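An overview of the molecular structure
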Amino acid sequence: MRVWKLLGLAGILAGVATGAAVARDERVRRHYDADEIRQRLHARHDEAVAREPESS
């Protein structure tokens, strides 16, 4: 019975930690304005295109 309580507590703590990490990432993401997001997306796209092998 005690093992189940510990597993339940561990599950709750894991859920709380995951929620905190998601909330932190969301706050960081929202600090970008539209121009910064657009520039980052263009840069990522350019990198992805540069890495693609040419198909003949």
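Described in the following lines is the structure provided in the data block. Predicted model only: the values in this text are computed from it and were never measured.

Attention now goes to the overall build of the protein. Within the protein, the regular secondary structure consists of 2 helices and 0 strands. A globule of 56 residues ought to have a C-alpha radius of gyration of about 10 Å, yet the protein, at 21 Å, is considerably larger. Taken along its principal axes, the extent of the C-alpha atoms in the protein is 65 × 35 × 10 Å. Scored against the burial criterion, the 56 residues of the protein give a buried share of 0%. Roughly 5,600 Å² of accessible area belongs to the protein as shown, and the carbon and sulfur atoms make up 60% of that amount. The average position of the 10 basic charges and that of the 9 acidic charges among the side chains of the protein differ by 17 Å.

Together, Val3, Trp4 and Leu7 give the surface a local cluster of nonpolar side chains, amounting to about 380 Å² of exposed area. Along the chain, the position of Trp4 falls in helix H1 (residues 2–30). For Trp4, a relative accessible area of 64% gives the class exposed.

Parameters and conventions
Residues numbered from 1 in each chain as written. Predicted model: local features only at pLDDT ≥ 70, side-chain atom pairs only at ≥ 80, totals over all residues. Heavy atoms only, no water. Helix = DSSP H or I, 4+ residues; strand = E, 2+ residues; numbered from the N terminus. Rg over C-alpha atoms; globule rule 2.2 N^0.38 Å. Buried < 20%, exposed > 50% of the residue type's maximum accessible area, 1.4 Å probe, protein only. Areas by Shrake-Rupley, 256 points an atom, 1.4 Å probe, with all protein chains shown as cover. Lys, Arg positive; Asp, Glu negative; His and termini not counted. Charge placed at Lys NZ, Arg CZ, Asp CG, Glu CD. Patch = residues over 30% accessible without salt bridge, like charges linked within 9 Å, V, L, I, M, F, W, Y side chains within 5 Å. Salt bridge = Lys/Arg side-chain N within 4 Å of Asp/Glu carboxyl O.

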